[in-house]
Amino acid sequence: MSEIKRTIPKKFYSDSEGKPFTKCRVCDVDLSDGKVPYSIEKAFKKTEEGEDLTLFELAICVHCAEKQGKKMSKDSRAFIQKTMMTPKFFERRNKMWGEKWQDKWQDKCIFSNTDISAHSEYHVVGHFVGNQVIEHQSPFVIGQEMLEYIQENLSLETKEELDQFGRQFLGPDPRIAALMEDYQFVMV
Ligand SMILES: [Zn+2]
């Protein structure tokens, strides 16, 4: 039962490799042995045909994520902290874990509570160890309004840093090159 409950959803598999991520894409540390916790963030954009195209996909170990977080400007970090890491966020995430999170984690933006089906862009975020979801940390989705709101409030230097960092992790679909021209990276 708990094994099933903690299985990593396929949505977090690497599009580039067609299987679960086994290495941190920054430092290459092995993620499959369960020694280092990690997070996965994938950005999707809906095409006109209604397909969800992966813009970027990143598996990052907790150590690299911490280093990357420190490259954000102080103001940007404070903004993210204040906007995202709210009691409401933790409450919703924990509530989802207590229910059948597998059935509903992709339905709504965890921040705005609006239906993801209506968003043309969204990110999925999950925290894992080995091949399992970390307990009580249900994966979640960030919808378009929230992504735009974060983007508008990041400092210029953080935007430049994220842009440079994010371009290393583009998804495999050749169509994304065109979408990336005026794309602004946001990662959490
Ligand atoms: Zn790493």
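I would appreciate a short explanation of the overall build of the chain in the present structure.
Summing up its helical and strand segments, the chain has eight helices and five strands in all. In the chain, the succession of α and β elements from N to C terminus is α-β-β-α-α-α-α-β-β-β-α-α-α. Here the C-alpha radius of gyration of the chain, 16 Å, is about what a compact globule of 188 residues would show, namely 16 Å. In terms of principal-axis extent, the alpha carbons of the chain reach across some 45 × 40 × 35 Å. Out of the 188 residues in the chain, the part that is buried amounts to 29%. Put simply, 67% of the contacts in the chain that link residues at least 6 apart link residues at least 24 apart.

Help me out: how do you make sense of the nonpolar core in this one?
Most often, soluble globular proteins keep nonpolar side chains buried together rather than apart. Ala59, Ile60, Val141 and Ile142 are the most contacted members of the largest nonpolar core, which has 39 residues in total. Of all the elements in the fold, those that place two or more residues in this core are strand 1 (38-46), strand 2 (52-61), helix 2 (62-70), strand 3 (121-129), strand 5 (140-142) and helix 6 (144-153). Sequence-distant contacts of Ile60, defined by excluding residues within four places in its chain, comprise Cys24, Arg25, Val26, Tyr38, Ser39 and Ala65.

Just checking my understanding: could you explain unusual backbone geometry for this structure?
If a residue is not glycine, its phi is most likely negative; likewise, a peptide bond is most likely trans. Here the phi dihedral of Asp28 falls at roughly 75 degrees; this positive angle occurs in a residue that is not glycine. Along the chain, Asp28 turns up in the loop between helix 1 (2-5) and strand 1. Look at Asp28 and you get exposed, because 10 C-beta atoms sit within 10 Å. We note that Asn113 has phi near 65 degrees; this positive angle belongs to a residue other than glycine. The residue Asn113 is located in the loop between helix 5 (101-104) and strand 3 in this model.

Got a minute to help me understand the environment of Lys104 in this structure?
Tracing the sequence through the fold places Lys104 in helix 5. With 11 C-beta atoms counted inside 10 Å, the residue Lys104 sits in the exposed group. Linking Lys104 and Pro139, residues 35 residues apart in sequence, is a C-alpha distance of 10.0 Å.

Help me understand the pairing of strand 1 in this model?
Looking along a regular strand, one sees the side chains alternate between the two faces of the sheet. In terms of burial, strand 1 is a largely internal element, seven of the nine residues being buried. The pairing of strand 1 with strand 2 spans nine bridges and is classified as antiparallel. Bridge pairing in strand 2 links Glu41 to Leu58. From the end of strand 1 to the start of strand 2, which pair antiparallel, there are five residues, and Gly50 there has a positive phi angle of about 85 degrees. Here strand 1 pairs with strand 3 via eight bridges, running antiparallel. Bridging across to strand 3, Ile40 finds its partner in Gly126.

Rules behind the numbers
Residues numbered from 1 in each chain as written. Predicted model: local features only at pLDDT ≥ 70, side-chain atom pairs only at ≥ 80, totals over all residues. Helix = DSSP H or I, 4+ residues; strand = E, 2+ residues; numbered from the N terminus. Rg over C-alpha atoms; globule rule 2.2 N^0.38 Å. Buried ≥ 20, exposed ≤ 12 C-beta atoms within 10 Å, placed from the backbone. Contact = placed C-beta atoms within 7 Å. Core = buried A, V, L, I, M, F, W, Y, C linked by C-beta atoms within 7 Å. Pairing = 2+ DSSP bridges.

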